[in-house]
Amino acid sequence: MDLQQIDAKMLSKMFLAGAKNLENKKEWINELNVFPVPDGDTGTNMTMTIMSAAREVSALGENADMGSICKAISSGSLRGARGNSGVILSQLFRGFTKSIREESILTVPVFTAAFEKAVETAYKAVMKPKEGTILTVARGVSEKAKELSEDGVENLEEFFGAVLEHARYVLSQTPEMLPVLKQAGVVDSGGQGLVEVLSGAFDAFLGKEVDLSLAPSDQGASSVSRSASMEAQAEAEIKFGYCTEFIILLNKPFNVKAEMDFKAYLESIGDSIVCVADEDVVKVHVHTNDPGLAIQKALKYGALSNMKIDNMRLEHQEKLFKMSEKEASQKAAEETEKKAGEAKKESEAAEEANKPPKAMGFIAVSIGEGLNEIFSSLGVDYIIEGGQTMNPSTADILDAVEKVNAETIFILPNNKNIILAANQASELVTDKNLLVIPTKTIPQGITAVINFVPELSADENEEAMLREITNVKTGQVTYAVRDTVIDDKEIRKGDYMGIGDKGILAAGESLTNITEKMVSEMVDDASELISVYFGCDVDEADAQLLKESLESAYPSCDIELQYGGQPIYYYVISVE
């Protein structure tokens, strides 16, 4: 096939095919994570990131122009980005689309420049880029593209094929760049994810039959919490009867203040509000009894497209007809109770929003009933449910920011895989000062907020928190999901593992022994405090026995035991 250029329609098809191929391979990519923990989620994070963009691209239809497609890819992946791998992928798309959005056709030189811009943008987003990762594979793609372009290659089939082949070669070399990959016998999972995107896109270019249908989005944890599902609405008494959706093509500025005002208006006429804005496009979803009011308000900001209005009461009646009277009554009661709770929370949030903003506030990422209560008791204003196994997206963090009525907000990611998403969110907010405290663990987050002093300035508090979190050592105990060798430790599937800040400290068959051995690797002569947070799968009596054992082993240290309720990790332990 001697094709030397493609148009927007083909780009859309290639992108969707790349997204689908990644989605199909996500579980396999998850298994490539070096540490054999049950929350290896690179494939999941990258998939949720790209599918956020894919749904926006798909909604544009077949006749979308290059600018619209680029906008959908960039904004969709930016707001949907989860985890380090997802954020890096979104930055690759951001740079790539920025380079081509003014083009009408794409040729080898155009692709070459776009690959170069993608790599440049992604590297800038990472404070300390590490080779042997997705960044290395992306750079290999850019370098190969440049080589082919300089050699005069114009045929896109030859160009894409050679670029993909080289991407696979660079991926195969990642174990030579990162010893931990070589020891585990795997290639970099993020790099593999990028190769799957490129592979799917190339298949579409070659004309191979590809299923481009997209499953409905779950919108992430935060979107679900702020927007009742259609099914739930249909199974209970419906207050607002019309599900109204549309896209605003902006013709005037729509900054954070305008977005908040528009959302406030929507809340005054309905519920289940979802409003995602990015430069010149706003996606809107609202349940209301008068769709015309929402439409009239939206028209003040620009033209409308992709309009869709459904009568939920008719669907409600159809569902009730199929349900037994007992089932309907039970579900209605449950939904009524749920809505009452949500209404109370919304009322409290609205009341808080009407107050003058306080000087400083906190957002923390946490998971587990006990840990959530600890953060709340320490004065954290908003808790994002997430962390291990459930990395919140940039959009989730932005949603939390809206709910905190403060001039300066400190964000505690409490997980190294969430820091990039938090940084990305901080760049998107203009009406508040967002300061990311790069806490990599829950204990670091607790230490940070404990050291907050209201009388000090935001800068002084930031400096103090950054200093204090470096004094916290963290160990976490979980189990292995496969056989592997890491840090010269042979680990078998089902073994307990004690993981420290820089690697695996202990592994074996006894939970108590491994936990105690892990702690012994963390404690030194300067240690004064050992804090133990036990998870939802640990009996309190067993946790108490562990505390007594630690008290006996380290008489010069204070031992604190608290219920964390976290899943996956039996114990989270800090030493200070």
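Our subject is the structure listed above.
All chains use their own residue numbering, which begins from 1 and follows the written sequence. Restriction of local features to residues with pLDDT of at least 70 applies here, the model being predicted, together with a cutoff of 80 or more for giving and counting side-chain atom pairs; totals for whole chains, interfaces and linings are based on all residues. Side-chain numbers come from the whole structure's heavy atoms, not from hydrogens or water.

Structural notes on a positive patch on the surface
Condition: Only residues whose relative accessible area exceeds 30% and that form no salt bridge enter a patch; like-charged residues are grouped when within 9 Å of one another, and nonpolar side chains (Val, Leu, Ile, Met, Phe, Trp, Tyr) when within 5 Å. To be clear on the numbers: accessible area is Shrake-Rupley with a 1.4 Å probe, and residue cover counts the displayed protein chains and nothing else. Here, a salt bridge means any side-chain nitrogen of Lys or Arg that lies within 4 Å of a carboxyl oxygen of Asp or Glu. Neither His nor the chain ends contribute to the count of charged residues, in which Lys and Arg are positive and Asp and Glu negative. The atom standing in for a charge is NZ when the residue is Lys, CZ when it is Arg, CG when it is Asp and CD when it is Glu. A helix here means a DSSP run of H or I that spans at least four residues, while a strand means a run of E at least two residues long, and both kinds are numbered starting from the N terminus. When accessible area is computed with a 1.4 Å probe and restricted to protein chains, residues below 20% of their type maximum are described as buried, those above 50% as exposed, and intermediate ones as partly exposed.
On the surface, a cluster of positive charge is made up of Lys 128, Lys 130, Lys 416 and Lys 440. Relative to the elements of secondary structure, Lys 416 occurs in the loop between strand 7 (406–412) and helix 18 (419–428). When its relative accessible area of 54% is taken as the criterion, Lys 416 is described as exposed.

A word on the environment of Ala 543
On the secondary structure map, Ala 543 appears in helix 22 (residues 540–553). Taking the C-alpha atoms as reference points, Ala 543 and Val 532, separated by 11 residues in sequence, lie 8.5 Å from one another.

Side note on the environment of Ser 99
Selection rule: Between two residues, a contact is recorded if the distance between any of their heavy atoms is within 4.5 Å.
Mapped onto the fold, Ser 99 is located in helix 4 (residues 83–100). With 15 residues separating them along the chain, Ser 99 and Ala 114 place their C-alpha atoms 5.1 Å apart. Ignoring sequence-local partners within four residues, the contact set of Ser 99 consists of Ala 113, Ala 114 and Lys 117.

Quick word on the environment of Ala 448
Looking at the element boundaries, Ala 448 is found in helix 19 (residues 442–450). Along the primary structure Ala 448 and Leu 412 are separated by 36 residues, whereas in three dimensions their C-alpha atoms are 8.2 Å apart. In contact with Ala 448, other than residues within four places in its own chain, are Leu 412, Ile 437, Thr 439, Met 465 and Ile 469.

Comments concerning the sheet that holds strand 9 (residues 473–479)
Rules: We call two strands paired when DSSP finds no fewer than two bridges between them. Every axis in this analysis is a line fitted to C-alpha atoms, fitted for helices over the stretch in contact. Angles between the N-to-C directions lie between 0 and 180 degrees.
The six strands are arranged 13-12-9-16-14-15 in an open sheet whose pairing can be described as mixed. The open sheet is flanked by strand 13 (503–508) and strand 15 (558–563), the only strands paired with a single partner. With direction set aside, neighbouring strand axes in the sheet form an average angle of 20°. As defined by bridge partners, strand 12 (residues 496–500) adjoins strand 13 across five bridges and the pair is classed as antiparallel. Across the sheet, residue Gly 500 finds its bridge partner in strand 13, namely Gly 503. Contacting strand 14 (529–534) and strand 15, helix 16 (residues 369–377) crosses the sheet at an angle of about 110° to strand 15.

Observations regarding the pairing of strand 9
With respect to burial, strand 9 is a largely interior element, five of its seven residues being buried. In this structure, strand 9 lies alongside strand 16 (residues 571–575), joined through five bridges in antiparallel fashion. The residue bridging Gln 476 from the neighbouring strand is Val 572, located in strand 16.

Observations regarding the sheet that holds strand 7
Pairing is parallel across the open sheet formed by four strands, whose spatial order is 6-5-7-8. Strand pairing shows two members of the sheet lacking a second neighbour, strand 6 (382–385) and strand 8 (433–436), which therefore form its edges. The mean angle between the axes of side-by-side strands here comes to 20°, regardless of whether they run parallel or antiparallel. Looking at chain direction, strand 5 (residues 358–366) and strand 7 are connected through six bridges and run parallel. Bridging across to strand 7, Ala 364 finds its partner in Leu 412. Across the face of the sheet, helix 18 comes into contact with strand 7 and strand 8 while running at roughly 165° to strand 8. The strands that helix 20 (residues 458–469) touches are strand 5, strand 7 and strand 8; relative to strand 7, the one it contacts most, it runs at about 10°.

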